[in-house]
Amino acid sequence: MQVKKGQLVELDILDIAFGGRGLARIDGMAVFVDQAIAGDRVLARIVRKKKQYAEARVETLLSPSADRITPPCPYSGFCGGCKLQFLGYDRQLEFKRRHVAECLAHIGLVSDAVVHPALGSERIFEYRNKMEFSCSDRRWRLPCEMGQEGLDINFALGLHVPGTFDRVLDTQACLLQPEFGNRLLSEVREYMKSSGAPVYGLRSHAGFWRFLMLRHSVARDQWMVNIVTSAPDSAMLQPLADRLFSSHDQVVSVVNNVTASKAAVAFGESEHCLAGSPTIVDAIGPYEFEISANSFFQTNTRGAGRLYETIRQYADLRGTETVLDLYCGTGSIAICLSDRAARVIGIEMSPSAVADAVRNCERNRISNCTFVLGDMKDCLPRIDERPEVMIIDPPRVGMHKDVVRQVLAMGPEKIVYVSCNPATLARDLAELREQYKILEVQPVDMFPHTFHIEAVARLEKI
Ligand SMILES: C[S@@+](CC[C@H](N)C(=O)[O-])C[C@H]1O[C@@H](n2cnc3c(N)ncnc32)[C@H](O)[C@@H]1O
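Residues numbered from 1 in each chain as written. Predicted model: local features only at pLDDT ≥ 70, side-chain atom pairs only at ≥ 80, totals over all residues.

A. Representation of the overall build of the chain within the structure. Helix and strand content of the chain: nine helices and 22 strands. Computed over C-alpha atoms, the radius of gyration of the chain comes to 24 Å, within 12% of the 23 Å expected from 2.2 N^0.38 for 462 residues, which places it in the range of a compact globule. For the C-alpha atoms alone, the extent of the chain along its principal axes is close to 70 × 65 × 35 Å. The contacts of the chain with a sequence gap of at least 6 include a subset with a gap of at least 24, amounting to 62%. (Helix = DSSP H or I, 4+ residues; strand = E, 2+ residues; numbered from the N terminus. Rg over C-alpha atoms; globule rule 2.2 N^0.38 Å. Contact = placed C-beta atoms within 7 Å.)

Here you go:
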């Protein structure tokens, strides 16, 4: 059958492909269908046609899959925050485990390693400790809002429509953050709208209000409100900060990040503390972490506890080992392993992350962790110690090939590889296999309703 852009086709969805799209086939050719899951029968419109595959959008759900559930969030299907909310959570976990196993088998040609069932998140809603809401002078309307009278279409504070930089929903509540965050979201929205100061235009790059970032400490049930603006203006911001700080005991920090950058990142070139403390404190296990607005911290605190427990089990330390923690970020893995190791050396290229790591060690009275600042491929060859154990937690792109060579040359007895991208995990494991047996892989779900999955692999020197 000839497939053309714009054509309407009836499709049976056979599987879920990575990215959360349904997979169907027309005469063998793959068709990726947005918002569809295995078991659905849909009438879909082809929106893109390439040589090897096509992409389609559901026009009518003819017969729903038995795995479909009614998503509790009214933005499901429109918002980039969650893409799998309409799939039952057990099925999400199965899909994520299978995705890890398939990447290992097809990309890494690793088919002998045990891939365990994915560990689920303790909470599947209200699990995020950090949310970033964007401001926009153009509100993206839901189908039910079309033609609605009195709707202010020139203001939005919320989450993006997937794959777009300028389409922002006016999110009234996000189920991924604790309920109190939604109260703060609505109070800040009201203040912004009545302030008289212009909201930022994502195309014009003009305007004052840019982002609202909320951080929650799970351990202490405290909040940080970070208001990101294009210029400093204490006369505009101080009344809002005073109101939030004085009327809510849970709000312990109100800061203002100021950025003139056109990039859509809620990160200021300067920061001003408007009320309370410039940081909040959260905990993973017995360890406390001081977090500033721009610090990296795992966004699912309880999930991070589960992830680090898996890392501890796989590292299986006796207390005598030297451990290298590659890509250590703010040192949270190093800190969580410090009581079971002789010493931990972390390597990281971000100066602010290393400063946070040092501060967090002091806070927890840990004296056997040290940190090296710099690019991994320059720093690793300069490490004199021969570690027995290496923890490797690289960014999504995985390890640089020179770093893989250096790891093989150092040859620790055990490696625990922590990955947020199954494809680069598989690629790097294929290289490490030269000298290591891949014993088992544990997927850990930190982000319910998204297609992201963390995986921890246990490797032993042959
Ligand atoms: C996935 S995060 C690791 C987070 C950390 N292990 C934790 O649990 O908090 C990856 C880290 O690698 C760092 N990084 C990225 N490229 C690097 C490089 N070439 N050399 C050193 N560090 C790098 C990033 O700054 C980031 O902190």
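Now that the structure has been shown, the text picks up again.
B. View of the environment of R220. Within the element layout of this structure, R220 appears in the loop between β10 (209-217) and β11 (222-229). Put simply, R220 and H272 are 52 residues apart on the chain and 23 Å apart in space, counted from C-alpha to C-alpha.

C. Quick look at the site of the ligand. Near the ligand, the surroundings consist of 17 residues, among which Y327, G329, M349, M376 and D393 are the closest. For the shell around the ligand, the per-class residue count stands at 10 nonpolar, four polar and three charged. (Near = placed C-beta within 6 Å. Nonpolar A, V, L, I, M, F, W, Y, C, P; charged D, E, K, R; others polar.)

D. How the structure looks around the sheet that holds strand β6 (residues 53-63). With mixed pairing, six strands are arranged side by side in an open sheet as β1-β5-β6-β4-β3-β2. A strand with exactly one partner marks an edge of an open sheet, and here the two such strands are β1 (8-12) and β2 (15-16). Bridge analysis of β2 against strand β3 (residues 22-26) gives two bridges, and the strand direction is antiparallel. Bridging across to β3, D15 finds its partner in L23. (Pairing = 2+ DSSP bridges.)

E. Focus on helix α1 (residues 89-106). The first and last C-alpha atoms of α1 sit 25 Å apart over 18 residues, in line with the 26 Å expected at 1.5 Å per residue. Of the positions making up α1, those classed as buried are Q92, F95, K96, R97, H99, V100, A101, C103 and L104. As for α1, its buried residues are in contact with β2, β7 (114-115), α9 (422-432), β21 (436-444) and β22 (454-461). (Expected span 1.5 Å × (residues − 1). Buried ≥ 20, exposed ≤ 12 C-beta atoms within 10 Å, placed from the backbone.)

F. Local environment of the environment of L157. Turning to its location among the elements, L157 is positioned in strand β9 (residues 156-158). By the C-beta count within 10 Å, which is 24 here, L157 ends up buried. Placed 52 residues apart in sequence, L157 and W209 show a C-alpha to C-alpha distance of 9.5 Å. In contact with L157, other than residues within four places in its own chain, are F133, C135, D170, R189, M192 and L212.

G. Spatial organisation of unusual backbone geometry. For D27, which is not glycine, the phi torsion reads 45° and is therefore positive. Following the sequence through the fold, D27 ends up in the loop between β3 and β4 (29-34). A count of 7 C-beta atoms within 10 Å places D27 in the exposed class. Non-glycine residue R365 carries a positive phi angle of around 55°. By the secondary structure assignment, R365 is in the loop between α6 (351-363) and β18 (369-373). Judged by the 6 C-beta atoms lying within 10 Å of it, R365 falls in the exposed class.

H. Here's a closer look at the domain arrangement of the chain. Domain annotation of the chain identifies domain 1 (8-63), domain 2 (90-123 + 300-461) and domain 3 (130-286). One C-alpha centre belongs to domain 1, the other to domain 2; they are set 35 Å apart. (Domains from an automatic or database assignment.)

I. Examining the pairing of β3 more closely. If you look at the hairpin formed by β2 and β3, you'll find five residues sitting between the two strands, and G19 has a positive phi there, around 100°. In terms of strand pairing, β3 meets β4 through five bridges, oriented antiparallel. Counterpart to A24 in the pairing with β4 is V31. Hairpin remark: β3 followed by β4, antiparallel, with two residues in the connecting loop; positive phi at D27, about 45°.

J. How the structure looks around the sheet that holds strand β8 (residues 130-136). The strand order across the open sheet built from six strands is β9-β8-β10-β11-β12-β13, with neighbouring strands paired in mixed fashion. Looking at the sheet topology across the chains shown, the edges are occupied by β9 and β13 (270-276). This sheet shows a mean twist of 15° between the axes of neighbouring strands, independent of strand direction. Contacts between helix α2 (residues 179-194) and the sheet are confined to β8, β9, β10 and β11, with β10 contributing the most and set at about 155° to the helix. Across the sheet, helix α3 (residues 234-247) touches β11, β12 (251-258) and β13, and the angle it forms with β13 is around 45°. (Axes fitted to C-alpha atoms, helices over the stretch in contact; angles between N-to-C directions.)

K. Inspection of the nonpolar core at higher detail. Counting 126 residues, the largest nonpolar core has I311 and I391 as the members making the most contacts within it. Among the elements that make up this core, the one with the highest residue count is helix α4 (residues 301-315) (six residues). Those residues in contact with I391 that lie beyond four places of it in its chain are I311, A315, V323, D325, L326, I333, V416 and V418. (Core = buried A, V, L, I, M, F, W, Y, C linked by C-beta atoms within 7 Å.)

L. Representation of the packing of α1 against α9. It is the contact of α1 with α9, at a shortest axis distance of 8 Å, that shows an interaxial angle of 35°. As α1 packs across α9, the resulting crossing turns out to be right-handed. Judged by residue contacts, H99, V100, C103 and L104 of α1 engage P422, A423, L425, A426 and L429 from α9. (Left-handed = near helix turned anticlockwise from the far one by under 90°.)

M. Representation of the pairing of strand β19 (residues 389-392). On β19, burial covers both faces: V389 and I391 on one face and M390 and I392 on the other are all buried. As defined by bridge partners, β19 adjoins strand β20 (residues 414-419) across four bridges and the pair is classed as parallel. Its bridge partner lying in β20, M390 is registered against I415. Tracing the backbone out of β19, into helix α8 (residues 401-410) and back to the parallel element β20 gives a crossover that is right-handed. (Right-handed = clockwise from strand over helix to strand, strands pointing away.)

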